[in-house]
Amino acid sequence: MASVEPDTGGVVTRQLLKSKSGEFDVESIHTISLHDLGLHDLGCLSECTNLERLDLSRNNVARLHKLAGLIALTALNLSANRITSLDGLQSLENLQKLNISGNLIGSVDSLRCLTALEKLTSLRVCDDTAGLTNPMCNSSYIDQVLLMLPTLLNLDGKRVRGRGSELFQLCQAMDSAISNLPTLKHSSEVNVEEPCKLSIPSDMSLMLESQNKIPVLEAEEQLRALLASCRADCREAYKKLAEGTKSSISHAEDKKPDS
């Protein structure tokens, strides 16, 4: 028979904590999931002094100051809430992983209190797969976040520093190049012979060469082959767009009534 969750009126109580964790004492709780319970007040959650992993996703939480005493916490999921300020998290000195996607964080400056967290290596402010984001993600934020939080290794599920971060940087370079492609207005503006300007940044090559040289050269050769394929695809796409635009214009002119 399924257990019935206690009705707490959206407030974290000792009864709820014991029910969800199966522990007799809240001080004994190390991991707990309180997701999707309609919570808006964290109540006595700070009494879980040995808590290491906490899931508060999909609630109505707006204020985080009652998390301040959870100094043993290493992983915290706050996704899909109503958070506008991260005040209260700066004292979580052992926090390593934080998910705040799907909230109301308005600017990168709202993350400033996280600069006190020297062990924070993983942060998620946007989760495309789950459709969770923040207002701050409507503009360029990645470089600002990385500058503000130098300990981060992973941002939004992507490796941004350390081993394996080169692919992230390559994707950024490709995204930038694609976003700068000219907008097609008239078929006469399209030069299908002009290749798309996608290239591997020189600083990335230097980073690659500082590791194992032979595998790096092979990887770089594969990447260049991929980019060449992208250029060919771009040229073909522009050619088809040009032909389609020309055909549409010709068709429209044929339909004009004779004067």
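No experiment lies behind these values; they were computed from the predicted model shown. In this convention, every chain numbers its residues from 1, walking through the sequence in written order. The predicted nature of this model means local features are confined to residues of pLDDT at least 70 and side-chain atom pairs, given and counted, to a pLDDT of 80 or more, with totals for whole chains, interfaces and linings taken over all residues. Excluded from the side-chain calculation are hydrogens and water; included are all heavy atoms of the structure.

Caption draft 1: Molecular detail of the overall build of the protein chain. Only DSSP runs of H or I reaching four residues or more are called helices, and only runs of E reaching two or more are called strands; each is numbered from the N terminus. A count of helices and strands for the protein chain gives 5 helices and 7 strands. Of the regular secondary structure in the protein chain, the N- to C-terminal order runs α-β-β-β-β-β-α-β-β-α-α-α. Burial status follows relative accessibility: with a 1.4 Å probe on protein chains alone, a residue under 20% of its type maximum counts as buried, one over 50% as exposed, and anything between as partly exposed. Taking all 259 residues of the protein chain together, 34% fall into the buried category. Working rule for contacts: check all heavy atoms of both residues, and any pair within 4.5 Å makes them a contact. Put simply, of all contacts in the protein chain between residues at least 6 apart along the chain, 41% involve residues at least 24 apart. The Shrake-Rupley method, run with a 1.4 Å probe sphere, supplies the accessible areas, and residue values consider only the shown protein chains as cover. Accessible surface, the protein chain as shown: approximately 15,200 Å² in total, 50% of it carbon and sulfur.

Caption draft 2: Up close: unusual backbone geometry. If you check the backbone angles, D36 has positive phi at about 55 degrees while not being a glycine. By secondary structure assignment, the location of D36 is in the loop between strand 1 (31–33) and strand 2 (53–55). Residue D156 is not a glycine yet carries a positive backbone phi of 55 degrees. Residue placement: D156 occurs in the loop between strand 6 (154–155) and strand 7 (158–159). By relative accessible area, which is 13% here, D156 ends up buried.

Caption draft 3: Here's a closer look at the nonpolar core. To form a nonpolar core, buried Ala, Val, Leu, Ile, Met, Phe, Trp, Tyr and Cys residues must be joined to one another through side-chain atoms within 4.5 Å. Counting residues in each nonpolar core, the largest one holds 48 residues, and the members touching the most others are L45, L54, L67 and L123. Elements with a minimum of two residues in this core: helix 1 (14–21) and helix 2 (142–148).

Caption draft 4: Inspection of the sheet that holds strand 1 at higher detail. Only strands that DSSP links by at least two bridges are regarded as paired with each other. With respect to topology, 7 strands assemble into an open sheet ordered 1-2-3-4-5-6-7, the strand pairing being mixed. Of all strands in the sheet, those with a lone pairing partner are strand 1 and strand 7, marking the two edges.

Caption draft 5: Fine view of the side chain of N99. Relative to the elements of secondary structure, N99 occurs in strand 4 (residues 97–99). Under this definition, polar contacts are N or O atom pairs within 3.5 Å; protein pairs additionally need one hydrogen-donor-capable and one acceptor-capable atom, and for neighbouring residues in sequence, both atoms have to be side-chain atoms. Among the polar contacts made by the side chain of N99, one reaches the side chain of S101 at a distance of 2.8 Å.

Caption draft 6: Layout of the pattern of salt bridges. Every case where a carboxyl oxygen of Asp or Glu lies within 4 Å of a side-chain nitrogen of Lys or Arg is listed as a salt bridge. Per the counting criterion, the structure on display carries 4 salt bridges. K66 is the salt-bridge partner of D41, the closest N and O atoms lying 2.7 Å from each other. In this pair, D41 is assigned in the loop between strand 1 and strand 2 and K66 in the loop between strand 2 and strand 3 (75–77), connecting sequence segments 25 residues apart. With a relative accessible area of 26%, K66 lands in the partly exposed category.

Caption draft 7: Spotlight on the side chain of N81. Here N81 is to be found in the loop between strand 3 and strand 4. Among the polar contacts made by the side chain of N81, one reaches the main-chain amide nitrogen of V61 at a distance of 2.9 Å. One polar contact links the side chain of N81 to the main-chain carbonyl oxygen of L78, over a distance of 3.0 Å. For N81, the residues in contact, after removing those within four places along its chain, are L56, S57, R58, N59, N60, V61, G102 and N103.

Caption draft 8: Region of interest: the environment of L16. By secondary structure assignment, the location of L16 is in helix 1. On a C-alpha basis, the gap between L16 and L34 in space is 8.9 Å, while along the polypeptide they are 18 residues apart.

Caption draft 9: Spatial organisation of the environment of A72. Tracing the backbone shows A72 in the loop between strand 2 and strand 3. Between the C-alpha atom of A72 and that of E93, which follows or precedes it by 21 residues, the distance is 7.7 Å. Apart from residues lying up to four places away in sequence, A72 is in contact with T49, N50, L51, E52 and N94.

Caption draft 10: Structural view of the confidence of the model for the protein chain. pLDDT measures how confident the predictor is about each residue, on a scale from 0 to 100. Residues with a pLDDT of 70 or more make up 61% of the protein chain, whose mean pLDDT is 80. Considering only residues more than four positions removed or in separate chains, one finds that residues 184–188, a stretch of pLDDT under 50, has 7 contacts.

Caption draft 11: The state of the cysteines, seen in detail. Count a disulfide wherever a pair of cysteine sulfur atoms falls within 2.5 Å. A full pass over the atoms with the stated rule returns 0 disulfides. Left without a disulfide partner, C126 is nearest to the cysteine sulfur of C137, which lies 4.7 Å away. Owing to a relative accessible area of 11%, C126 belongs among the buried residues under this scheme.

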